[in-house]
Amino acid sequence: MQLYLPIADIPVNVLLILAMGAAVGFVSGMFGIGGGFLMTPLLIFVGISPAVAVASVTSHMAASSFTGALSYWRRRAIDPMLAFVLLCGGIAGTGLGVWFFVLMRSVGQLDLVIAISYVVLLTAVGGLMVYEGFRAILRTRRGQVAMARRSGNRNWLYALPLKIRFKRSKIYLSVIPVVAIGVLIGFIGSVMGVGGGFILVPMLIYLLRVPTATVVGTSAVLTLVTMLVATVLHAATSHLVDAVLALLLMIGGVTGAQFGARAGQRIAGEQLRLLLGLLVLAVGIRFAIELGIRPAELFTIREVGPST
């Protein structure tokens, strides 16, 4: 069954798009992540332009993170002050990222920027996750217990000025690194179409020493707001948000997430981290291969704006 996507300007198989949404939803439910790092590349691989893929996935990410953020809020697993400070940087970073997105598209380099960003980010993050996952599995087989992170340890970030107290997380920290992390996540999300949770959560835990109990919920709030802002800005500036495509992805994603959450409960945490690392690394390598393949057409002509 073929359906024409008005913004992407191509016909697609509805069942294929639903299956992709369900597959990414399954992965999201299993690993507890947004899945944008996987959804955007899949859309690109099936022929949708990178610009439309990124802009449309932001709306999918915003919708998928809403229920999670609401659930964590009801369980009081969100630090409101930490979320607010992160959002101050996240919204600014999102605006900066959309501006960069439009700039690169105007000069015809957006597709290359998106591909290189995925290669660098996913291969680096995936490689580190695979390494850590193998180490965790080896420790488990040897009967060794991983060293617990001591909450009393502090790094140089705690010596910065402009400190405030985050009561729910029970930390006293400068707003400077928190805002900087928000800017980074917002920028990456709007340029690459990813929620950034797989980057944000480790940074909050290992750099800022935020307790794990409040990290995931706070990350969900940041993803919800930044992706919502990115959707609005992309729609207003580049007009590349394909509502039909986003709706199909949401339907498939909600369905797949239910089964993924059940499957994730049956797999050990070390194995989950290893599998996720392999998945992230595989997508990065796939993008790297795509960059090295000679295109079928060496030159293309595309209208990028109204003629003057």
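Remember, predicted model here, so these are calculated numbers, not experimental data. (Residues numbered from 1 in each chain as written. Predicted model: local features only at pLDDT ≥ 70, side-chain atom pairs only at ≥ 80, totals over all residues. Heavy atoms only, no water.)

Student: What's the story with the overall build of the chain in this structure? I'm lost.
Tutor: Assigned secondary structure in the chain consists of ten helices and four strands. Reading the secondary structure of the chain in the N-to-C direction produces β-β-α-α-α-α-α-β-β-α-α-α-α-α. By the burial criterion, 45% of the 308 residues in the chain qualify as buried. Pairs at least 24 apart in sequence give 76% of the contacts found in the chain among residues at least 6 apart. (Helix = DSSP H or I, 4+ residues; strand = E, 2+ residues; numbered from the N terminus. Buried < 20%, exposed > 50% of the residue type's maximum accessible area, 1.4 Å probe, protein only. Contact = heavy atoms within 4.5 Å.)

Student: Please clarify how the packing of helix 2 (residues 36–45) against helix 5 (residues 110–141) should be interpreted in this entry.
Tutor: For any two helices packed against each other, one specifies the inter-axial angle together with the distance between the axes. Interaxial distance between helix 2 and helix 5 falls to 12 Å at its minimum, and their mutual angle equals 140 degrees. By the angle class used here, helix 2 and helix 5 are oblique. In this structure, the crossing between helix 2 and helix 5 has a hand that is left-handed. Taken together, the residues of helix 5 that come into contact with helix 2 (itself represented by Gly36, Phe37, Thr40, Pro41 and Ile44) are Ile114, Tyr118 and Leu122. Its residues assigned to classes, the contact of helix 2 with helix 5 comprises six nonpolar, two polar and no charged. (Axes fitted to C-alpha atoms, helices over the stretch in contact; angles between N-to-C directions. Parallel < 35°, antiparallel > 145°, perpendicular 65-115°, else oblique. Left-handed = near helix turned anticlockwise from the far one by under 90°. Nonpolar A, V, L, I, M, F, W, Y, C, P; charged D, E, K, R; others polar.)

Student: Help me understand the pairing of strand 4 (residues 171–174), please; the structure alone is not making it clear to me.
Tutor: Residues in a regular strand project their side chains so that they alternate between the two faces of the sheet. Examined bridge by bridge, strand 3 (residues 163–166) and strand 4 share four bridges and lie antiparallel to one another. Residue pairing for strand 4: Phe166 is matched across the bridge by Ile171. Counting the residues in the hairpin turn of strand 3 and strand 4 gives four residues, including Lys170, whose phi is positive at 60 degrees. (Pairing = 2+ DSSP bridges.)

Student: In this structure, what is going on with the packing of aromatic side chains? I would like to understand it.
Tutor: What describes a pair of aromatic rings is the distance from one ring centre to the other and the angle between the planes of the rings. Summed over all chains, the structure comprises one aromatic pair. Centroid distance Phe100 to Phe187: 5.7 Å. Interplanar angle 45 degrees. Geometry classified as tilted. Of this pair, Phe100 sits in helix 4 (residues 80–106) while Phe187 sits in helix 6 (residues 175–192), and the two are 87 residues apart along the sequence. Its relative accessible area of 22% is what places Phe100 among the partly exposed residues. For Phe187, a relative accessible area of 25% corresponds to the partly exposed category. (Phe/Tyr/Trp six-rings, centres within 6.5 Å; stacked < 30°, edge-to-face > 60°.)

Student: In this structure, what is going on with helix 4? I would like to understand it.
Tutor: What sets the pattern is the α-helix's 3.6 residues per turn: residues three or four places apart point alike. Taking 1.5 Å as the rise per residue, helix 4 with 27 residues should run 39 Å; its terminal C-alpha atoms sit 38 Å apart, in good agreement. When the local axis directions of helix 4 are compared, the greatest deviation, roughly 25 degrees, occurs at Leu87. Between the side-chain oxygen at the start of helix 4 and the backbone nitrogen of Met81 there is a gap of 3.2 Å, and the oxygen is on Asp79. Two residues or fewer after helix 4 comes Gly108, characterised by a positive phi angle close to 75 degrees. (Expected span 1.5 Å × (residues − 1). Bend = angle between axes of the 7 residues up to and from the residue. Polar contact = N/O pair within 3.5 Å; in protein donor to acceptor, adjacent residues only side chain to side chain.)

Student: Any chance you could explain the nonpolar core here in plain terms?
Tutor: One recurring pattern in soluble globular proteins is that nonpolar side chains are buried together. Among the nonpolar cores identified, the biggest contains 73 residues, and Ile17, Leu43, Ile48 and Val178 are the most heavily contacted of them. Ranked by residue count, the leading element in this core is helix 5, at ten residues. (Core = buried A, V, L, I, M, F, W, Y, C linked by side-chain atoms within 4.5 Å.)

Student: I'm lost on helix 5 in this one. Help?
Tutor: Compared with the 46 Å implied by 1.5 Å per residue over 32 residues, the 46 Å span of helix 5 between its first and last C-alpha is a close match. A positive backbone phi angle near 80 degrees is found at Gly143, which sits one or two residues after helix 5.

Student: Help me understand the environment of Ala235, please; the structure alone is not making it clear to me.
Tutor: If you trace the backbone, Ala235 turns up in helix 8 (residues 212–237). When the C-alpha positions of Ala235 and Ser56 are compared, they lie 9.1 Å apart, and in sequence the two are 179 residues distant.

Student: Teacher, can you tell me more about the confidence of the model for the chain here?
Tutor: Detailed conclusions should not be drawn from predicted coordinates in areas where pLDDT is low. On average, residues of the chain carry a pLDDT of 76, and 80% of them reach 70 or more. The secondary structure element of the chain with the lowest average pLDDT is helix 10 (residues 269–292), at 71, and the one with the highest is helix 4, at 89. Predicted confidence for residues 147–152 stays below pLDDT 50, and this span has five contacts to residues more than four positions away or in other chains. In the predicted structure, residues 304–308 sits below a pLDDT of 50 and forms two contacts with residues beyond four places in sequence or in another chain. (pLDDT = per-residue confidence, 0-100.)

Student: I would appreciate a short explanation of the side chain of Ser56 in the present structure.
Tutor: Checked against the element boundaries, Ser56 lands in helix 3 (residues 50–74). Assessed through its relative accessible area of 0%, Ser56 is described here as buried. Contact partners of Ser56, with chain neighbours within four places excluded, come to Leu240, Val241, Asp242, Leu245 and Ala246.

Student: So what exactly am I meant to see when it comes to the environment of Ile17 here?
Tutor: If you trace the backbone, Ile17 turns up in helix 1 (residues 14–31). Note: C-alpha distance between Ile17 and Gly252 (235 residues apart in sequence) is 7.8 Å. Those residues in contact with Ile17 that sit more than four places away from it in its chain are Val12, Leu43, Leu245, Leu248 and Leu249.

Student: Please explain the pairing of strand 1 (residues 2–5) as it appears in this structure.
Tutor: Direction of pairing for strand 1 relative to strand 2 (residues 10–13): antiparallel, over a ladder of four bridges. Following the sheet pairing, Tyr4 is matched in strand 2 by Pro11. Where strand 1 folds back onto strand 2 in an antiparallel hairpin, the turn is made up of four residues, including Asp9, whose phi is positive at roughly 65 degrees.

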